[in-house]
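Residue strings, one per chain:
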Amino acid sequence: MTHSAPTLGSPQEKTRPPEGAELSAPREVPGLLEPLGNFLASGGGKAEGLANLARFGLSVPAGVVVPSACFAEHCARAGVADLALLLEGLEPRDCEAAAQRSAEFARALAAPGLAPALQEALGELGPGPWIVRSSALGEDSQSASFAGLLVSLRTDSARELGAAVLEVWSSFASVPALLYQAARGKRLQGCGVVIQRYVRAQAAGV
């Protein structure tokens, strides 16, 4: 299926991008770092939404997406491939059990370290600052919203990106995210990561 880009006006009518948004996109590494402007359902709802905004011609800061497949591969290497076990038998008000599962998940993900190829690709993204944003699969729908339950982090250099990606992945099983899923009967299916150039906004809103 092809997607045509809707036209919202001539280039002269577009608003001036925020400071830093006009910087060139970082280098693509197929399978590891995909261009943000692509349609990336495998990168999660946030990545998909940003790609749509870019196709409409809006000023979206340049960036890349670490697809959810990288998260799945890392979880498999960490011995936690069956993510459904994070919620098995969890009661919506059992904060103690959620905290234990969250801590165990974070420790497991930290143990093997990032795959060398991904670590190398992140290290070549260039000077920051960057914003590293969670983009979980299934986080937003008509019946549920995970806003604020997974983390986003600013980093000032490419050397910090590997640790930031791991922290974002770990927040897939944050205490609030686990309890919210248990209460709603929903389950996140994976976790992409959006890495964008950090810009100072002239205005912001929801």
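Remember, it's a predicted structure, so these values are computed and weren't measured experimentally. Residue indices begin from 1 for each chain and proceed along its sequence in written order. Thresholds applied to this predicted model are a pLDDT of at least 70 for local features of residues and 80 or more for the giving and counting of side-chain atom pairs; totals over whole chains, interfaces and linings are not thresholded and use all residues. Values reported for side chains reflect all heavy atoms of the structure, with hydrogen atoms and water molecules removed beforehand.

Asker: What exactly am I supposed to notice about helix H6 (residues 175-184) here?
Answerer: In an α-helix, one full turn covers 3.6 residues, which means residues spaced three or four apart are oriented alike. Each residue is assigned to one of three classes by its accessible area relative to the maximum for its type, calculated with a 1.4 Å probe on protein chains only: buried under 20%, partly exposed between the two thresholds, exposed over 50%. Segments assigned H or I by DSSP are reported as helices when at least four residues long, segments assigned E as strands when at least two residues long, and all are numbered from the N terminus. Within H6, burial applies to Ala177, Leu178, Leu179, Tyr180 and Gln181. In this structure, the buried residues of H6 make contact with helix H3 (95-110). Downstream of H6 by a residue or two, Gly185 has a phi angle that is positive, lying close to 70°. A contact between two residues is defined here by any heavy atoms of the two lying within 4.5 Å.

Asker: Please clarify how a nonpolar patch on the surface should be interpreted in this entry.
Answerer: A cluster of nonpolar residues, Leu53, Phe56 and Leu58, forms a patch on the protein surface that exposes about 240 Å² of accessible area. Topologically, Phe56 is positioned in the loop between helix H1 (45-55) and strand E2 (63-66). Relative accessible area serves as the criterion here: at 34%, Phe56 is assigned to the partly exposed category. The residues that make up patches have over 30% relative accessible area and no salt bridge, and they are joined within 9 Å when like-charged or within 5 Å when they are Val, Leu, Ile, Met, Phe, Trp or Tyr. Per-residue accessibility takes into account occlusion by the displayed protein chains alone, with areas from the Shrake-Rupley method and a 1.4 Å probe. Basic side-chain nitrogens of Lys or Arg form a salt bridge, by our definition, when they fall within 4 Å of a carboxyl oxygen of Asp or Glu.

Asker: Looking at this structure, I do not really get the sheet that holds strand E3 (residues 130-137). What am I missing?
Answerer: By way of backbone hydrogen bonds, the strands of a sheet pair with one another, either parallel or antiparallel. With antiparallel pairing, 5 strands are arranged side by side in an open sheet as E1-E2-E5-E3-E4. Where the open sheet ends on each side, the last strands, each with one partner, are strand E1 (34-35) and strand E4 (152-155). As paired strands, E3 and E4 are joined by 4 bridges and run antiparallel to one another. If you follow Arg133 over to E4, its bridge partner there is Ser152. In the packing of H1 onto the sheet, the strands contacted are E2, E3 and strand E5 (190-197), and the crossing angle to E3 comes to about 115°. By the convention used here, strands pair only if DSSP detects at least 2 bridges between them. Between the N-to-C directions of two axes lies an angle of 0 to 180 degrees, each axis being a line fitted to C-alpha atoms and, for a helix, fitted only over the stretch in contact.

Asker: Help me understand the pattern of salt bridges, please; the structure alone is not making it clear to me.
Answerer: If the charged atoms of two oppositely charged side chains come close together, the side chains can form a pair. A full pass over the atoms with the stated rule returns 2 salt bridges. Notably, a salt bridge pairs Arg77 with Glu73, separated by 3.0 Å at the nearest N-O pair. Of this pair, Arg77 and Glu73 both sit in helix H2 (residues 68-77), 4 residues apart, which is roughly one turn of that helix. By relative accessible area, Glu73 is classed as partly exposed at 36%. One salt bridge in this structure joins Arg154 and Asp156, with 3.1 Å as the shortest N-O distance. For Asp156, a relative accessible area of 48% corresponds to the partly exposed category.

Asker: Just checking my understanding: could you explain the nonpolar core for this structure?
Answerer: The nonpolar side chains of a soluble globular protein tend to be buried, and buried together. Here the nonpolar core consists of buried residues drawn from Ala, Val, Leu, Ile, Met, Phe, Trp, Tyr and Cys, with membership extended through side-chain atoms lying within 4.5 Å. Leu33, Phe71, Phe105, Leu122, Trp169 and Ile195 are the most contacted members of the largest nonpolar core, which has 46 residues in total. Broken down by secondary-structure element, the contributors of at least two residues to this core are E2, H2, H3, helix H4 (116-123), E3, helix H5 (161-170), H6 and E5. By residue number, the principal contributor to this core is H5, which donates 6 residues. Ignoring any residue separated from it by four or fewer positions in sequence, one finds Ile195 in contact with Ala62, Gly63, Val64, Val66, Leu122, Leu125, Trp130, Ile131, Val132, Leu161 and Val165. With 6 residues, the next largest nonpolar core counts Ala47, Leu50, Val60 and Val65 among its residues.

Asker: Explanation requested: the packing of aromatic side chains in the structure shown.
Answerer: Here the distance between the centres and the angle between the planes together describe a pair of aromatic rings. Put simply, two rings from Phe, Tyr or Trp (the six-membered ring, in Trp's case) pair if the centres are within 6.5 Å, and we call them stacked under 30 degrees between planes, edge-to-face over 60, tilted for the rest. Taken as a whole, this structure holds 3 aromatic pairs when the rule is applied. Centre to centre, the rings of Phe71 and Trp169 are 5.8 Å apart; their planes meet at 55°, and the pair counts as tilted. Taken together, the positions of Phe71 in helix H2 and Trp169 in helix H5 put the pair 98 residues apart, joining distant regions of the chain. Judged by relative accessible area, which is 1%, Phe71 ranks as buried. Arranged with centres 6.3 Å apart and planes meeting at 35°, the rings of Phe105 and Phe172 form a pair that is tilted. You can see Phe105 sitting in helix H3 and its partner Phe172 sitting in the loop between H5 and H6, a full 67 residues away along the chain. The exposure classification of Phe105 matches that of Phe172, with both residues buried. Members of the aromatic cluster, connected to one another through ring pairs, are Phe71, Phe105, Trp169 and Phe172.

Asker: Could you clarify how one ought to interpret the pairing of E5 in this entry?
Answerer: Walk down a regular strand and you will see the side chains alternate between the two sheet faces. Most of E5 is tucked away, with 8 of its 8 residues classed as buried. On E5, burial covers both faces: Gly190, Gly192, Val194 and Gln196 on one face and Cys191, Val193, Ile195 and Arg197 on the other are all buried. Note that E2 and E5 share 4 bridges and pair antiparallel. Note that in E5 the partner of Val66 across the bridge is Val193.

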